[in-house]
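Residue-level listing of the chains:
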Amino acid sequence: MSIKVYINGEYFAKEDAKISVFDHGLLYGDGIFEGMRAYSGKVFRHQAHMDRLWNSARAIALEIPMTKEEMMKAVDDTLALNGLTDAYIRLVVTRGAGNLGLNPYNCSNPQVIIITDKITLYPQALYDNGMEIVTASTIRMPAAALSPRIKSLNYLNNIMAKLEAKTAGCEEALLLNFKGEIAECTGDNIFIIKDEVIYTPPTDAGILEGITRAAVIDLAKELGYEVREVARTRHDLYIADECFLTGSAAELIPVVKIDMRPIGDGKVGPVTKDLITHFRDLIVR
Ligand code: PXG
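Computed from a prediction, not measured in an experiment: that's the story for all the values here. (Residues numbered from 1 in each chain as written. Predicted model: local features only at pLDDT ≥ 70, side-chain atom pairs only at ≥ 80, totals over all residues. Heavy atoms only, no water.)

A. View of the overall build of the protein. Helix and strand counts for the protein stand at eight helices and 15 strands. For the protein, the C-alpha radius of gyration of 19 Å lies close to 19 Å, the compact-globule estimate for 285 residues. Dimensions of the protein along its principal axes, counting C-alpha atoms only, are 55 × 40 × 30 Å. Of all 285 residues assigned to the protein, the portion counted as buried reaches 51%. Restricting the contact set of the protein to residue pairs at least 6 apart, pairs at least 24 apart contribute 68%. Within the structure as shown, the protein displays about 13500 Å² of accessible surface, and the carbon and sulfur contribution to it stands at 54%. Seen as two clouds, the 31 positive and the 38 negative side-chain charges of the protein have centres 2 Å apart. (Helix = DSSP H or I, 4+ residues; strand = E, 2+ residues; numbered from the N terminus. Rg over C-alpha atoms; globule rule 2.2 N^0.38 Å. Buried < 20%, exposed > 50% of the residue type's maximum accessible area, 1.4 Å probe, protein only. Contact = heavy atoms within 4.5 Å. Areas by Shrake-Rupley, 256 points an atom, 1.4 Å probe, with all protein chains shown as cover. Lys, Arg positive; Asp, Glu negative; His and termini not counted. Charge placed at Lys NZ, Arg CZ, Asp CG, Glu CD.)

B. Structural context of the pattern of salt bridges. For the structure shown, the criterion picks out 14 salt bridges. Between Arg-228 and Glu-226 there is a salt bridge whose closest N-O contact spans 2.6 Å. (Salt bridge = Lys/Arg side-chain N within 4 Å of Asp/Glu carboxyl O.)

C. Quick peek at the pairing of strand S12 (residues 226-229). Inspection of the sheet shows strand S11 (residues 197-200) paired to S12 by four bridges, in the parallel sense. Across the sheet, Tyr-199 pairs through a bridge with Arg-228, a residue of S12. (Pairing = 2+ DSSP bridges.)

D. View of helix H8 (residues 270-283). Relative to the 20 Å expected for 14 residues at 1.5 Å per residue, H8 spans 20 Å between its end C-alpha atoms, a close match to the ideal helical length. Inspection of H8 places Val-271, Thr-272, Leu-275, Ile-276, Phe-279 and Ile-283 among the buried residues, and these make up the whole buried set. When H8 is viewed along its axis, its buried side chains cluster within an angular range of 130° and face the same direction. The exposed set on the far side of H8, more than 90 degrees from its buried face, consists of Pro-270 and Asp-281. Turning to H8, the residues buried within the fold contact strand S3 (31-39), strand S10 (189-194), S11, helix H6 (211-222), strand S13 (242-247) and strand S14 (251-258). Two residues or fewer past H8, Val-284 is found with a positive phi of approximately 40°. (Expected span 1.5 Å × (residues − 1). Arc of directions from axis to C-beta.)

E. Structural context of the environment of Leu-252. Structurally, Leu-252 is set in strand S14. Taking the relative accessible area as the measure of exposure, Leu-252 reaches 2% and is therefore buried. Linking Leu-252 and Thr-272, residues 20 residues apart in sequence, is a C-alpha distance of 8.5 Å. With residues up to four places along the chain from it excluded, the contact list for Leu-252 reads Tyr-127, Val-216, Phe-244, Leu-245, Thr-246, Thr-272, Leu-275, Ile-276 and Phe-279.

F. Spatial organisation of a negative patch on the surface. A cluster of acidic residues, Asp-195, Glu-196, Asp-241 and Asp-265, forms a negative patch at the surface. Here Asp-241 shows up in the loop between helix H7 (234-238) and S13. Looking at Asp-241, the relative accessible area reads 30%, which means it is partly exposed. (Patch = residues over 30% accessible without salt bridge, like charges linked within 9 Å, V, L, I, M, F, W, Y side chains within 5 Å.)

G. Fine view of the site of the ligand. Lining the immediate environment of the ligand, one finds 21 residues, of which Tyr-155, Glu-184, Ile-211, Thr-212 and Ser-248 sit closest. Within the contact set of the ligand, an oxygen atom lies 2.8 Å away from a side-chain nitrogen or oxygen of Arg-52. One nitrogen or oxygen atom from the side chain of Tyr-155 is found 2.4 Å from an oxygen atom belonging to the ligand. Here the ligand loses 88% of its free accessible area of 540 Å² to cover by the protein chains. For the shell around the ligand, the elements supplying multiple residues, two or more each, are strand S5 (87-94), H6 and S13. Of the residues belonging to the shell around the ligand, the class tally is five nonpolar, ten polar and six charged. (Near = heavy atom within 4 Å. Polar contact = N/O pair within 3.5 Å; in protein donor to acceptor, adjacent residues only side chain to side chain. Nonpolar A, V, L, I, M, F, W, Y, C, P; charged D, E, K, R; others polar.)

H. Inspection of the sheet that holds S5 at higher detail. Here we have six strands laid out as an open sheet, ordered S2-S1-S6-S5-S3-S4, and antiparallel in their pairing. Two strands bound the open sheet, and with one partner strand each, they are strand S2 (10-13) and strand S4 (42-43). Contacting S3, S4 and S5, helix H2 (residues 46-59) crosses the sheet at an angle of about 175° to S3. On the sheet, helix H3 (residues 68-81) packs against strand S1 (4-7), S2, S3, S4, S5 and strand S6 (112-117) and is oriented at approximately 40° with respect to S6. (Axes fitted to C-alpha atoms, helices over the stretch in contact; angles between N-to-C directions.)

I. Quick look at the state of the cysteines. Across all of its chains, the model carries zero disulfides by this definition. In this model Cys-170 remains outside any disulfide bridge; the closest cysteine sulfur is found in Cys-185, 10 Å from its own. Free of any disulfide, Cys-185 has its nearest neighbouring cysteine sulfur in Cys-243, separated by 7.2 Å. (Disulfide = S-S within 2.5 Å.)

J. View of the packing of aromatic side chains. Counting across every chain of the model gives five aromatic pairs. Seen in terms of ring centroids, Tyr-6 and Tyr-11 are 5.7 Å apart; in terms of plane orientation they differ by 75°. Their pairing is edge-to-face. Arranged with centres 4.8 Å apart and planes meeting at 10°, the rings of Phe-191 and Phe-244 form a pair that is stacked. Of this pair, Phe-191 sits in strand S10 while Phe-244 sits in strand S13, placing them 53 residues apart in sequence. Each member of the pair, Phe-191 as well as Phe-244, is classed as buried. An aromatic cluster of three or more residues is present, and its members are Tyr-39, Phe-44 and Phe-279. Over the aromatic face of Tyr-199 sits the side chain of Arg-232, whose NZ or CZ is 4.4 Å from the ring centroid. One Lys or Arg, Arg-261, reaches over the ring of Tyr-238 and ends 3.9 Å from the middle of that ring. (Phe/Tyr/Trp six-rings, centres within 6.5 Å; stacked < 30°, edge-to-face > 60°. Lys NZ or Arg CZ within 6 Å of the ring centre and 35° of its normal.)

By themselves these figures say nothing about function.
Written out as structure tokens, the structure is:
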């Protein structure tokens, strides 16, 4: 049976789930999205994703034509209709169809799209042995140009870096901000461990405020680790003991090499292992 996709309160078979070519989501990347996960039938940090989506909408002056509660119910209904309990969920809200000009005020009817599907994680070997990343020459979009806090349909900045990752034979690339500080990866936040202290770039380094990042910060603090949200540079990464990435899709994944250099001893470290174990308890599959 084909997956059913929600568009504005109606369900369409995957093949028939379509929106207008005049939608400014397509013409200008004018829209926002969320990537969420469901575990055992429950959406992980559902409310936090709604809050971030609504903040993204507010930031681009887009009115989502429903309440957060209605959206959460629509997500739950779409999962149920597709018989999915462990799933990946993509929420998209576009500006809607307009004419061939930038003016968002000429657009009507924002499209609310909910796509649910089975999850495809990175290969298990990367979780067991860690992944290798490279620093991209593409810098993270400065907040004064377009805030990375907005999860917008404009992902070309990230895609330019992803191209660099793939060209280098890696799955992820690290983006620095215009000050040369570590920002984040193309679809994941980054954590660095040195002398048992856990570091992660602060919001004002120009990052998406990841929901997994927030969950891992809370978890690490509960476990008694010291967590510092402070600016880091590549120097800190080169001399780090451990490194890992967080994201809704990747969950928590170790990084053992950056720019062809081993991080610490080049193996998945004890703090990362500890956090991965406890993160599993948190999500309860
Ligand atoms: N930084 C960026 C730039 C992201 O896009 C994260 C960090 C991690 O945030 P969360 O809230 O997921 O912990 C993201 C998340 C996809 C996809 O299919 C992308 C993300 C998440 C899930 C799926 O491209 N990006």
